[in-house]
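# Residue-level structural notes
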Amino acid sequence: MLLILGILAFCLLIFNNYYAYYWYSIVLELEYSKIIFGIGILSVGLHYFIKKWRNVMTKIMIGAFVVCLVLNLYLVVEYYKDVQSQNRLSEYYELETCKKMENRFVVDLKKRELKYFHFGIGVIMGMKDIMKSNYDIEYYSMGCLIRSEMECYNKLVDKYLKKNYDKSLFDISKETDIRKLIKVE
(Lines give C-alpha, C1' and ligand atoms only; values in the text may rest on other atoms or scores of the structure.)
Protein backbone atom coordinates (compact mmCIF):
# COMPACT_ATOMS: atom_id res chain seq x y z
CA MET A 1 0.00 0.00 0.00
CA LEU A 2 2.80 2.39 0.90
CA LEU A 3 4.59 1.69 -2.36
CA ILE A 4 1.42 2.32 -4.39
CA LEU A 5 0.75 5.59 -2.53
CA GLY A 6 4.31 6.73 -3.15
CA ILE A 7 4.27 5.82 -6.83
CA LEU A 8 0.89 7.47 -7.45
CA ALA A 9 1.96 10.62 -5.60
CA PHE A 10 5.24 10.69 -7.56
CA CYS A 11 3.52 10.21 -10.93
CA LEU A 12 1.00 12.97 -10.27
CA LEU A 13 3.77 15.22 -8.95
CA ILE A 14 5.73 14.72 -12.19
CA PHE A 15 2.60 15.36 -14.30
CA ASN A 16 1.76 18.54 -12.42
CA ASN A 17 5.37 19.71 -12.50
CA TYR A 18 5.56 19.43 -16.30
CA TYR A 19 2.04 20.34 -17.36
CA ALA A 20 0.49 22.49 -14.66
CA TYR A 21 3.48 24.43 -13.31
CA TYR A 22 3.03 27.46 -15.56
CA TRP A 23 -0.49 28.10 -14.22
CA TYR A 24 0.42 30.74 -11.67
CA SER A 25 -2.59 29.96 -9.51
CA ILE A 26 -1.33 26.53 -8.45
CA VAL A 27 2.43 27.01 -8.15
CA LEU A 28 2.32 27.40 -4.37
CA GLU A 29 0.34 24.20 -3.88
CA LEU A 30 2.72 22.35 -6.19
CA GLU A 31 5.72 23.55 -4.18
CA TYR A 32 4.03 22.38 -0.95
CA SER A 33 3.39 19.04 -2.59
CA LYS A 34 7.08 18.67 -3.50
CA ILE A 35 8.12 19.46 0.08
CA ILE A 36 5.63 16.99 1.53
CA PHE A 37 6.76 14.31 -0.91
CA GLY A 38 10.36 15.02 0.09
CA ILE A 39 9.40 14.50 3.75
CA GLY A 40 7.88 11.16 2.78
CA ILE A 41 11.05 10.11 0.94
CA LEU A 42 13.20 11.26 3.87
CA SER A 43 11.02 9.17 6.17
CA VAL A 44 11.59 6.13 3.95
CA GLY A 45 15.35 6.56 4.32
CA LEU A 46 15.17 7.12 8.07
CA HIS A 47 12.88 4.12 8.45
CA TYR A 48 15.73 1.79 7.49
CA PHE A 49 18.45 3.53 9.51
CA ILE A 50 16.72 4.23 12.84
CA LYS A 51 15.09 1.04 14.09
CA LYS A 52 13.44 2.44 17.22
CA TRP A 53 11.59 5.14 15.18
CA ARG A 54 10.19 2.78 12.52
CA ASN A 55 6.55 3.06 13.67
CA VAL A 56 6.73 6.85 13.68
CA MET A 57 8.51 6.94 10.31
CA THR A 58 5.91 4.61 8.80
CA LYS A 59 3.10 6.90 9.97
CA ILE A 60 4.94 9.95 8.62
CA MET A 61 5.48 8.19 5.27
CA ILE A 62 1.82 7.24 4.96
CA GLY A 63 0.68 10.72 6.00
CA ALA A 64 3.08 12.50 3.67
CA PHE A 65 2.27 10.34 0.66
CA VAL A 66 -1.49 10.58 1.25
CA VAL A 67 -1.35 14.37 1.63
CA CYS A 68 0.87 14.64 -1.46
CA LEU A 69 -1.47 12.39 -3.45
CA VAL A 70 -4.58 14.33 -2.41
CA LEU A 71 -2.91 17.68 -3.11
CA ASN A 72 -1.77 16.51 -6.55
CA LEU A 73 -5.23 15.15 -7.38
CA TYR A 74 -6.59 18.59 -6.51
CA LEU A 75 -3.96 20.18 -8.79
CA VAL A 76 -4.88 17.86 -11.67
CA VAL A 77 -8.52 18.96 -11.32
CA GLU A 78 -7.48 22.64 -11.25
CA TYR A 79 -5.25 22.10 -14.29
CA TYR A 80 -8.14 20.45 -16.14
CA LYS A 81 -10.43 23.40 -15.31
CA ASP A 82 -7.82 25.87 -16.60
CA VAL A 83 -7.32 23.88 -19.80
CA GLN A 84 -11.08 23.79 -20.38
CA SER A 85 -11.26 27.53 -19.79
CA GLN A 86 -8.50 28.13 -22.33
CA ASN A 87 -10.25 25.87 -24.83
CA ARG A 88 -13.43 27.94 -24.46
CA LEU A 89 -11.38 31.08 -24.99
CA SER A 90 -9.77 29.74 -28.16
CA GLU A 91 -13.20 29.64 -29.82
CA TYR A 92 -13.36 33.43 -29.54
CA TYR A 93 -10.02 33.95 -31.27
CA GLU A 94 -11.53 32.45 -34.40
CA LEU A 95 -14.22 35.16 -34.51
CA GLU A 96 -12.44 37.94 -36.36
CA THR A 97 -15.16 40.56 -36.85
CA CYS A 98 -17.48 42.53 -34.62
CA LYS A 99 -20.48 41.03 -36.38
CA LYS A 100 -19.33 37.48 -35.56
CA MET A 101 -18.73 38.51 -31.95
CA GLU A 102 -22.18 40.09 -31.74
CA ASN A 103 -23.71 36.87 -33.04
CA ARG A 104 -21.69 34.89 -30.51
CA PHE A 105 -22.88 37.20 -27.73
CA VAL A 106 -26.49 36.39 -28.63
CA VAL A 107 -25.71 32.66 -28.50
CA ASP A 108 -23.85 33.04 -25.19
CA LEU A 109 -26.68 35.10 -23.72
CA LYS A 110 -29.20 32.37 -24.56
CA LYS A 111 -26.92 29.76 -23.00
CA ARG A 112 -26.17 32.07 -20.02
CA GLU A 113 -22.43 31.72 -20.70
CA LEU A 114 -21.29 35.33 -21.06
CA LYS A 115 -17.60 36.25 -21.06
CA TYR A 116 -15.68 39.42 -20.29
CA PHE A 117 -12.29 40.01 -21.91
CA HIS A 118 -10.09 42.33 -19.86
CA PHE A 119 -7.23 44.04 -21.69
CA GLY A 120 -4.31 45.68 -19.90
CA ILE A 121 -1.03 45.01 -18.18
CA GLY A 122 -2.37 43.38 -15.03
CA VAL A 123 -5.26 41.32 -13.82
CA ILE A 124 -7.90 43.09 -11.75
CA MET A 125 -7.61 41.14 -8.52
CA GLY A 126 -10.96 39.77 -7.40
CA MET A 127 -12.71 40.62 -10.66
CA LYS A 128 -12.90 36.99 -11.78
CA ASP A 129 -14.66 35.96 -8.57
CA ILE A 130 -17.04 38.93 -8.53
CA MET A 131 -17.98 38.51 -12.20
CA LYS A 132 -18.67 34.79 -11.78
CA SER A 133 -20.45 34.83 -8.43
CA ASN A 134 -22.51 38.02 -8.78
CA TYR A 135 -23.17 38.22 -12.52
CA ASP A 136 -22.47 34.71 -13.86
CA ILE A 137 -19.90 36.04 -16.34
CA GLU A 138 -16.56 34.38 -17.03
CA TYR A 139 -13.58 36.75 -16.74
CA TYR A 140 -10.52 36.43 -18.99
CA SER A 141 -7.39 38.55 -18.65
CA MET A 142 -6.12 38.99 -22.19
CA GLY A 143 -2.91 41.00 -21.74
CA CYS A 144 -1.93 44.23 -23.45
CA LEU A 145 -2.90 43.62 -27.06
CA ILE A 146 -6.45 44.85 -27.50
CA ARG A 147 -8.59 42.92 -29.95
CA SER A 148 -11.29 45.19 -31.32
CA GLU A 149 -13.74 42.35 -31.98
CA MET A 150 -13.53 41.28 -28.33
CA GLU A 151 -14.12 44.89 -27.31
CA CYS A 152 -17.35 44.72 -29.35
CA TYR A 153 -18.37 41.72 -27.24
CA ASN A 154 -17.40 43.61 -24.06
CA LYS A 155 -19.61 46.54 -25.05
CA LEU A 156 -22.56 44.18 -25.33
CA VAL A 157 -21.70 42.71 -21.92
CA ASP A 158 -21.61 46.24 -20.52
CA LYS A 159 -25.07 46.98 -21.98
CA TYR A 160 -26.36 43.70 -20.55
CA LEU A 161 -25.04 44.61 -17.08
CA LYS A 162 -26.52 48.10 -17.24
CA LYS A 163 -29.90 46.74 -18.31
CA ASN A 164 -30.10 43.84 -15.84
CA TYR A 165 -28.04 45.02 -12.86
CA ASP A 166 -27.90 48.80 -13.32
CA LYS A 167 -24.08 48.59 -13.20
CA SER A 168 -21.35 49.08 -15.75
CA LEU A 169 -18.11 47.15 -16.07
CA PHE A 170 -16.40 50.18 -14.55
CA ASP A 171 -18.71 50.04 -11.52
CA ILE A 172 -17.90 46.38 -11.05
CA SER A 173 -14.15 47.02 -11.30
CA LYS A 174 -14.57 49.62 -8.54
CA GLU A 175 -16.21 46.92 -6.39
CA THR A 176 -12.92 45.04 -6.46
CA ASP A 177 -11.08 48.13 -5.18
CA ILE A 178 -13.55 48.52 -2.32
CA ARG A 179 -13.22 44.85 -1.46
CA LYS A 180 -9.42 45.17 -1.28
CA LEU A 181 -9.63 48.22 0.97
CA ILE A 182 -11.88 46.53 3.49
CA LYS A 183 -10.12 43.15 2.97
CA VAL A 184 -13.28 41.18 2.21
CA GLU A 185 -12.92 38.02 0.15
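Look up a bit, the structure's there.
Residues numbered from 1 in each chain as written. Predicted model: local features only at pLDDT ≥ 70, side-chain atom pairs only at ≥ 80, totals over all residues. Heavy atoms only, no water.

### Description of the overall build of the chain
Across its full length, the chain carries seven helices and two strands. Taken from N to C terminus, the helices and strands of the chain fall in the order α-α-α-α-β-α-β-α-α. The proportion of buried residues among the 185 residues of the chain is 36%. Surface exposure of the chain reaches about 12,000 Å², of which carbon and sulfur atoms provide 64%. (Helix = DSSP H or I, 4+ residues; strand = E, 2+ residues; numbered from the N terminus. Buried < 20%, exposed > 50% of the residue type's maximum accessible area, 1.4 Å probe, protein only. Areas by Shrake-Rupley, 256 points an atom, 1.4 Å probe, with all protein chains shown as cover.)

### Things to note about the nonpolar core
By size, the foremost hydrophobic cluster in this structure holds 24 residues, and its most contacted members are Phe117, Met131, Ile137, Tyr153 and Leu161. Only helix 3 (54-93), helix 4 (98-111), strand 1 (114-118), helix 5 (127-135), strand 2 (137-141), helix 6 (148-165) and helix 7 (169-181) provide two or more residues apiece to this core. Among the elements that line this core, the one with the most residues is helix 6, at five residues. Once residues lying within four places of it in the same chain are set aside, the contact partners of Ile137 are Leu114, Lys115, Tyr116, Met131, Lys132, Val157, Tyr160 and Leu161. Core analysis: the second largest hydrophobic core is formed by 11 residues, Leu5, Phe37, Met61 and Leu69 among them. (Core = buried A, V, L, I, M, F, W, Y, C linked by side-chain atoms within 4.5 Å. Contact = heavy atoms within 4.5 Å.)

### Observations concerning the side chain of Asp108
Within the element layout of this structure, Asp108 appears in helix 4. If sequence neighbours within four positions are ignored, Asp108 has contacts with Tyr92, Glu113, Leu114, Lys115 and Tyr153.

### Some words on the pattern of salt bridges
This model, assessed by the stated rule, comprises five salt bridges. Here Glu138 makes a salt bridge to Lys115, at a shortest N to O gap of 3.7 Å. One end of the pair, Glu138, is in strand 2; the other, Lys115, is in strand 1, and 23 residues separate them in sequence. Lys162 is the partner of Asp158 in a salt bridge, and the nearest nitrogen-oxygen pair spans 3.4 Å. (Salt bridge = Lys/Arg side-chain N within 4 Å of Asp/Glu carboxyl O.)

### Some thoughts on helix 5
Among all positions in helix 5, only Met127, Ile130, Met131 and Tyr135 are buried. For helix 5, the angular spread of the buried residues around the axis is 95 degrees, confining them to a single face. In this structure, helix 5 carries Asp129 and Ser133 as exposed residues pointing more than 90 degrees from its buried face. Immediately downstream of helix 5, the backbone of Asp136 shows phi near 55 degrees, a positive value. (Arc of directions from axis to C-beta.)

### As for a nonpolar patch on the surface
Taken together, the side chains of Leu28, Tyr32, Ile35, Ile39, Phe49, Ile50, Trp53, Val56 and Ile60 define a hydrophobic patch exposed on the protein surface, amounting to about 900 Å² of accessible area. Going through the elements one at a time, helix 2 (27-49) and helix 3 are the ones with two or more residues in the nonpolar patch. Considering every element that reaches the nonpolar patch, the biggest residue donor is helix 2, with five residues. Relative to the assigned elements, Phe49 resides in helix 2. (Patch = residues over 30% accessible without salt bridge, like charges linked within 9 Å, V, L, I, M, F, W, Y side chains within 5 Å.)

### Overview of helix 6
Between the first and last C-alpha of helix 6 there are 25 Å, a value that for 18 residues agrees with the 26 Å anticipated at 1.5 Å per step. Every buried residue of helix 6 is accounted for by Glu149, Met150, Cys152, Tyr153, Asn154, Val157, Asp158, Tyr160 and Leu161. Positive phi appears at Asp166, one or two residues downstream of helix 6, with a value of about 55 degrees. (Expected span 1.5 Å × (residues − 1).)

### Observations regarding the pairing of strand 2
Summarising burial for strand 2: four of the five residues are buried, a large majority. In the sheet, strand 1 pairs with strand 2 via five bridges, with the strands oriented parallel. Counterpart to Tyr116 in the pairing with strand 2 is Tyr139. (Pairing = 2+ DSSP bridges.)

### So, the state of the cysteines
A covalent bond between the sulfur atoms of two cysteines is referred to as a disulfide. All chains considered together, the criterion is met by one disulfide. The partner cysteine of Cys98 in its disulfide is Cys152, sulfur to sulfur 1.7 Å. Between Cys98 and Cys152 the sulfur-sulfur dihedral comes to about 40 degrees; the bridge is accordingly right-handed. Taken together, the positions of Cys98 in helix 4 and Cys152 in helix 6 put the pair 54 residues apart, joining distant regions of the chain. Note on Cys98: relative accessible area 28%, which makes it partly exposed. The class for Cys152 is buried, based on a relative accessible area of 15%. (Disulfide = S-S within 2.5 Å.)

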